[in-house]
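What follows is each chain in one-letter form.
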Amino acid sequence: MAVQQAEVLDVMKGLFEAAQHPDIAEVYTYGAGTKESPGGVAVKDVRGGKMFLVASPWKGETPVDAPEILPPPRQGVQRISTLAIRLLDAAKPALFQAWRLVALPDLGPTDARSVTPAGVSIKCADGTTVLLRAMSGGSQTGDPAEDLHPDWQIPAGIVV
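The text that follows walks through the structure, step by step, so that each part is easy to find.

Cut-offs used in this document
Residues numbered from 1 in each chain as written. Predicted model: local features only at pLDDT ≥ 70, side-chain atom pairs only at ≥ 80, totals over all residues. Heavy atoms only, no water. Helix = DSSP H or I, 4+ residues; strand = E, 2+ residues; numbered from the N terminus. Buried < 20%, exposed > 50% of the residue type's maximum accessible area, 1.4 Å probe, protein only. Pairing = 2+ DSSP bridges. Contact = heavy atoms within 4.5 Å. Axes fitted to C-alpha atoms, helices over the stretch in contact; angles between N-to-C directions. Expected span 1.5 Å × (residues − 1). Salt bridge = Lys/Arg side-chain N within 4 Å of Asp/Glu carboxyl O. 1 Å grid on protein atoms, 1.4 Å probe; cavity = no way out; pocket = protein on both sides within 12 Å on 5 of 7 lines; lining within 4 Å. Points joined across faces, edges and corners; volume = space filled by probe spheres on them. Nonpolar A, V, L, I, M, F, W, Y, C, P; charged D, E, K, R; others polar. Phe/Tyr/Trp six-rings, centres within 6.5 Å; stacked < 30°, edge-to-face > 60°.

Some details on unusual backbone geometry
Phase 1 of the analysis: The backbone of Q20 sits at a positive phi, close to 55 degrees, despite the residue not being glycine.
Phase 2 of the analysis: Looking at the element boundaries, Q20 is found in the loop between α1 (5-18) and β1 (24-30).
Phase 3 of the analysis: The phi dihedral of K92 is positive, around 45 degrees, even though this residue is not glycine.
Phase 4 of the analysis: Note on K92: relative accessible area 56%, which makes it exposed.

Here is the structure:
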């Protein structure tokens, strides 16, 4: 039986919750998993801004290296993608065989398209692949240009 999109999203939701990052206020899944209503994971920050990983196909993904430091809240797309990869690397969920940070054409800063993290590609243990495209919506109060919690670490022994 093929891994269902909802299972992938549940794992990601669990990882963001288990992360205990002080900037994360709420995590939830949404959508019906259809073309008209793609499923995703939303991560709401303490300022009211949201970052999303949306399960939707996108052609032309290019693997990219993860940044050395977690991008700041103002760079929501890169931040959620990088945080997801770090959590996957730490937890190594059994449902997944491999994962990689990807850039996507026509997405990201105009001067850095196809080289800036814009999502996560996950190969499930059964061989199916799910692309989680990153999106963000800033807060009403503005998102900081610097990480407010640069010393935060992923909890030891994180599991989903």
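There's plenty left to go through after this.
Structural notes on the sheet that holds strand β4 (residues 62-63)
Sheet strands associate in pairs through backbone hydrogen bonding, adopting either a parallel or an antiparallel arrangement.
Phase 1 of the analysis: Spatial ordering of the open sheet is given by β1-β2-β3-β7-β6-β5-β4, a layout of seven strands whose pairing is antiparallel. Strands with a single pairing partner mark the edges of an open sheet, and in this sheet they are β1 and β4.
Phase 2 of the analysis: The pairing of strand β3 (residues 50-55) with strand β7 (residues 129-137) spans six bridges and is antiparallel. In the sheet register, F52 faces β7, and the bridge partner there is M135.
Phase 3 of the analysis: Docked against the sheet, α1 engages β1, β2 (40-45), β3, β5 (96-103), β6 (119-124) and β7, running at close to 175 degrees with respect to β1.
Phase 4 of the analysis: Contacts from helix α2 (residues 76-91) reach β1, β2, β3, β5, β6 and β7, with the element oriented near 155 degrees to β5.

Considerations on α1
Residues lying three or four places apart along an α-helix face the same way, a consequence of the helix completing one turn every 3.6 residues.
Phase 1 of the analysis: Look at α1: 20 Å from first C-alpha to last across 14 residues, which is about the 20 Å you get at 1.5 Å a residue.
Phase 2 of the analysis: Inspection of α1 places V8, L9, V11, M12, G14, L15 and F16 among the buried residues, and these make up the whole buried set.
Phase 3 of the analysis: Directly beyond the C-terminal end of α1, a positive phi value near 55 degrees is found at Q20.

Re the pattern of salt bridges
Phase 1 of the analysis: Scanning all chains against the criterion turns up six salt bridges.
Phase 2 of the analysis: In this structure, R79 and D23 form a salt bridge, with 3.6 Å as the shortest nitrogen-oxygen distance. Here R79, found in helix α2, pairs with D23, found in the loop between α1 and β1; they are 56 residues apart in sequence, far enough to count as distant. You'll find R79 and D23 in the same group, each marked buried.
Phase 3 of the analysis: Judged by relative accessible area, R79 falls into the buried class, the value being 4%.

Looking at the layout of surface pockets
Phase 1 of the analysis: Roughly 230 Å³ of volume is contained in the largest pocket.
Phase 2 of the analysis: Lining the largest pocket, in full, are I69, L70, P71, P72, R86, E146, D147, H149, P150, W152, Q153 and I154.
Phase 3 of the analysis: Its residues placed into classes, the lining of the largest pocket shows seven nonpolar, two polar and three charged.
Phase 4 of the analysis: Here the second largest pocket is characterised by a volume of approximately 190 Å³.
Phase 5 of the analysis: Forming the boundary of the second largest pocket are Q5, T34, K35, P38, A55, S56, P57, T129, V130 and L131.
Phase 6 of the analysis: Residues that form the lining of the second largest pocket fall into these classes: five nonpolar, four polar and one charged.

Points about the packing of aromatic side chains
Phase 1 of the analysis: As enumerated under the stated definition, the model contains one aromatic pair in all.
Phase 2 of the analysis: Centre to centre, the rings of Y30 and F52 are 6.0 Å apart; their planes meet at 85 degrees, and the pair counts as edge-to-face. Residue Y30 is found in strand β1, and its partner F52 is found in strand β3; the two are separated by 22 residues along the sequence.
Phase 3 of the analysis: Judged by its relative accessible area of 26%, Y30 falls in the partly exposed class.

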